[in-house]
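Structural features, examined
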Amino acid sequence: MEQHVYSRVNSYQVLQRDFSTNKALVKQANGHVRALEVGGPYDIDDASNVLVGDVWVMAGQSNMRGNAFYKDPWTDPPTTFPEHFDKMVHMFQSNETWSVAREPTHRLDQSVRQIDHELPDPSVSTKNYYQYRGISPGMAFAKAYRKQVQVPVGLIASTHGGTTMDQWNPALLETTEDPYNRTLYGAMLGRIDKVENQITGILWYQGESDADDLTLSAKHGANLKSLIQNTRSKLKNDQMAFAYVQIARSVNMKSNDEGWNTVREQQRLLINDGWDTKRVGAVSSIDCEMDDRIHLSAHGLSVVGERLAVVAANSLNNKAGMSTPTFSSVTFESKSLTDTTSRAAIQSTLLIKFEYINKWKLYDDGVYGFSLHASDGTLLPVIYNSKIQEDGKSVRLFLTDDARKLDTKDVFLYYGYGMDPICNMETTDGMGLLAFGPVPVALDY
């Protein structure tokens, strides 16, 4: 394929490198084509501080937009979270100009797209919102990605809080007047068009709004896959990388465990169905710290950003889907501690194995997040202990004798059940276990 030649360049822009040449080509005002190596900064005609590296789009809803507090008021004095500033990371801002990247990465109140002012978002409607909230995973991502890939990074801001997959539907391009101004998907494509459709991939964090609705949650996975496929087609880039976040938790008096389970499981299975695990990968957020009922804290978003960087870097080597530990198998095992057949001498367990795992981090207070449920969601309280095994890669759940009384055709294993589970499975290199379930379990007593 012939390498793209940029026809226009703006100050502080990050040009997408061509992966075969590790250069960007720019047609200058005098008509000559100039080849720029990865790095910079460069001056090109009237544009200054231009970099060459990898460009990533930030899209989805409010956890990607950034909703974390800048300060922790409960320390004395209040703690201000450190900013992941790097002069080799630039941002295509909400006002669609390039600058050195800083928090907040999004300013929807300054957006030039009408859709950002038509759809509700507190960062638009609440005065001075960005003075106290706005940290996103973007800056932590860029810092970690640069450490692994060692190229400048460009980020394109294109998220909107409280949005569903239906509102991101590519089909709205055909049914909406002025769609590149009045649809979320069109606005994202419009921003990408301003960089001549030259990007490495998309960082995606969305699904909480779908999880709150059973109808939307049921079609979330199909809609997400369709969005990826449509975007690749629109950009004429079937290798476009896509790194996304499996949704975290929601602390809410209104119970909708089914919807949250459904969205998380569909997000997990998207990379487990044999479809493009080379350039598409997911990260977990269910173990991350939160700032309110549904938004991650600055620390939590920093963890997510670093995990996304692992997937993004691995996508360059066609290993995106192998970045994050995920469920592999569960086996019922029991052993007698003596030669007798007394039940009192028998330990019954479930051994869980995982894929893409180096070793689990060990915690003094144990393992949290695994549970057994009936098909109707009823908790089956028969797990009295959970232990990481000697290999450091598997987990064993110890069952009470009451497990014998269960209908073995109606027992399902979960990690991260429902809206607000407490989970802590993380590898020694910082990757969290993807929530999973329902997985049928055979209790072969």
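Look up a bit, the structure's there.
Read on for a plain summary of the structure. Per chain, residues are indexed from 1 in the order of the written sequence. Whole-chain, interface and lining totals are the exception, using all residues; otherwise, since this is a predicted model, local features are given only for residues with pLDDT of at least 70 and side-chain atom pairs are given and counted only at 80 or more. With hydrogens and water excluded, all non-hydrogen atoms of the structure serve as input to the side-chain values.

Before going further, it helps to examine the overall build of the protein chain. Helix and strand definitions follow DSSP, with helices as H or I runs of at least four residues and strands as E runs of at least two, each counted in order from the N terminus. Tallying secondary structure elements over the protein chain gives 12 helices and 23 strands in all. A compact globule built from 445 residues would reach a C-alpha radius of gyration of about 22 Å, and the protein chain, at 24 Å, matches this within 12%. Each of the three principal axes of the protein chain carries a C-alpha extent, and together these read 90 × 50 × 45 Å. Residues are treated as being in contact if the distance between any of their heavy atoms lies within 4.5 Å. In the protein chain, 70% of the contacts between residues at least 6 apart in sequence involve partners at least 24 apart. Computed with the Shrake-Rupley method and a 1.4 Å probe, the accessible areas treat only the protein chains shown as cover for residues. Counting every atom, the protein chain has about 19600 Å² of accessible surface; 48% of that belongs to carbon and sulfur. Positive residues here are Lys and Arg, negative ones are Asp and Glu, while His and the chain termini are left out of the count. Here the site of a charge means atom NZ of a Lys, CZ of an Arg, CG of an Asp or CD of a Glu. Measuring between centres, the 44 positive side-chain charges of the protein chain sit 3 Å from its 54 negative side-chain charges. For the radius of gyration, the atoms used are the C-alpha atoms, and the globule rule reads 2.2 Å times the number of residues raised to 0.38.

Looking now at the environment of Ala313. For Ala313, the location among the structural elements is in helix 12 (residues 298-315). The exposure class of Ala313 is buried, given its relative accessible area of 9%. Those residues in contact with Ala313 that lie beyond four places of it in its chain are Tyr145, Gln148 and Val149. Using a 1.4 Å probe on the protein chains alone, a residue whose accessible area is under 20% of its type maximum counts as buried, one over 50% counts as exposed, and one in between counts as partly exposed.

Let us now look at empty space enclosed by the protein. Here a cavity denotes grid points, spaced 1 Å and computed from the protein atoms alone, that fit a 1.4 Å probe unable to get out, and a pocket denotes an open set having protein on both sides within 12 Å along at least 5 of 7 lines; residues with an atom within 4 Å of a point are the lining. Grid points are joined across faces, edges and corners, and a volume is the space filled by probe spheres set on the points. As enumerated under the stated definition, the model contains one cavity of 30 Å³ or more in all. When its volume is computed, the largest cavity comes out at roughly 40 Å³. What lines the largest cavity is Asn261, Arg264, Glu265, Tyr414, Tyr415, Gly416, Ala435, Phe436 and Gly437. Ranked by residues supplied to the lining of the largest cavity, first place goes to helix 11 (residues 257-269) with three residues. For the lining of the largest cavity, the class distribution of residues is four nonpolar, three polar and two charged. Residues are grouped as follows: nonpolar covers Ala, Val, Leu, Ile, Met, Phe, Trp, Tyr, Cys and Pro; charged covers Asp, Glu, Lys and Arg; every other residue, Gly included, is treated as polar.

Before going further, it helps to spend a moment on the pairing of strand 6 (residues 47-60). Within a regular beta strand, the side chains point alternately toward one face of the sheet and then the other, so they alternate between its two faces. Counted residue by residue, strand 6 has 12 buried out of 14 residues, so it is predominantly covered. Two strands form a pair only when DSSP identifies at least two bridges running between them. As paired strands, strand 2 (residues 14-16) and strand 6 are joined by three bridges and run parallel to one another. Residue pairing in the sheet places Leu15 in a bridge with Val52 of strand 6. Pairing of strand 5 (residues 39-44) with strand 6, which is carried by three bridges, proceeds in the antiparallel orientation. Note that in strand 6 the partner of Ile44 across the bridge is Ala47. Remark: two residues form the turn of the hairpin made by strand 5 and strand 6, two consecutive strands paired antiparallel; Asp45 in that turn has positive phi of roughly 50 degrees. By the bridge criterion, seven bridges tie strand 6 to strand 13 (residues 153-159) in an arrangement that is parallel. Bridge pairing in strand 13 links Gly60 to Thr159.

Before going further, it helps to examine helix 4 (residues 138-149). When the terminal C-alpha atoms of helix 4 are compared, their 16 Å separation across 12 residues agrees well with the 16 Å that a helix rising 1.5 Å per residue should span. With respect to burial, helix 4 is a largely interior element, nine of its 12 residues being buried. Within the span of helix 4, buried status applies to Gly138, Met139, Ala140, Phe141, Ala142, Ala144, Tyr145, Arg146 and Val149. Summarising the contacts, the buried residues of helix 4 are in contact with strand 6, strand 10 (89-92), strand 13, strand 14 (201-205) and helix 12. At the C-terminal side of helix 4, Gln150 shows a positive phi close to 60 degrees. Helix span, expected: 1.5 Å multiplied by one less than the number of residues in the helix.

Before going further, it helps to spend a moment on the pairing of strand 4 (residues 33-37). Inspection of the sheet shows strand 3 (residues 23-27) paired to strand 4 by five bridges, in the antiparallel sense. When the sheet's bridge partners are listed, Lys23 is paired in strand 4 with Glu37. Between strand 3 and strand 4, which pair antiparallel in sequence order, lie five residues; one of them, Gly31, sits at a positive phi of approximately 90 degrees.

For the rest of this paragraph, the subject is the packing of aromatic side chains. Pairing of aromatic rings covers Phe, Tyr and Trp, the last counted by its six-membered ring, and requires centre-to-centre distances within 6.5 Å; plane angles under 30 degrees mean stacked, over 60 mean edge-to-face, and any other angle means tilted. Here the structure, examined in full by the defined rule, presents 18 aromatic pairs. Judged by centre distance (5.8 Å) and plane angle (70 degrees), the rings of Trp56 and Phe141 are edge-to-face. Taken together, the residues span a long stretch of sequence, with Trp56 in strand 6 and Phe141 in helix 4 at a distance of 85 residues. Of the two residues, Trp56 and Phe141, neither departs from the other in class, the shared state being buried. Geometrically, the ring pair formed by Phe354 and Trp360 is edge-to-face, given 5.2 Å between the ring centres and 85 degrees between the ring planes. Since its relative accessible area comes to 9%, Phe354 is described here as buried.

This part is about the sheet that holds strand 23 (residues 436-440). A sheet is described by the order of its strands in space; here three strands give the open sequence 19-22-23, paired in antiparallel fashion. Of all strands in the sheet, those with a lone pairing partner are strand 19 (370-373) and strand 23, marking the two edges. Looking at each pair of strands side by side, their axes are set apart by 25 degrees on average, direction ignored. Here four bridges tie strand 19 to strand 22 (residues 412-415), and the two strands are oriented antiparallel to one another. In the sheet register, Ser371 faces strand 22, and the bridge partner there is Tyr414. Axis geometry follows a simple rule: fit a line to the C-alpha atoms, using only the stretch in contact for helices, then measure angles between N-to-C directions, giving values from 0 to 180 degrees.

Two elements in contact, helix 7 (residues 184-193) and helix 10 (residues 220-235), have axes whose closest approach is 12 Å; the angle formed by their N-to-C orientations is 35 degrees. The hand of the helix 7/helix 10 crossing is right-handed. Mapping the contact onto sequence places Tyr185, Met188, Leu189 and Ile192 in helix 7 and Leu227, Asn230, Thr231, Lys234 and Leu235 in helix 10. The residue makeup of the contact of helix 7 with helix 10, split by class, is six nonpolar, two polar and one charged. Crossings are sorted by hand: turned counterclockwise from the far helix by less than a right angle, the near helix makes the crossing left-handed, and turned clockwise it makes it right-handed.

With that settled, the discussion passes to the side chain of Ser158. By the element assignment, Ser158 lies in strand 13. Residue classification places Ser158 among the buried residues on the basis of a relative accessible area of 2%. Setting aside residues up to four positions removed in sequence, Ser158 forms contacts with Val57, Met58, Ala59, Gly60, His106, Trp168, Ala187, Met188 and Arg191.

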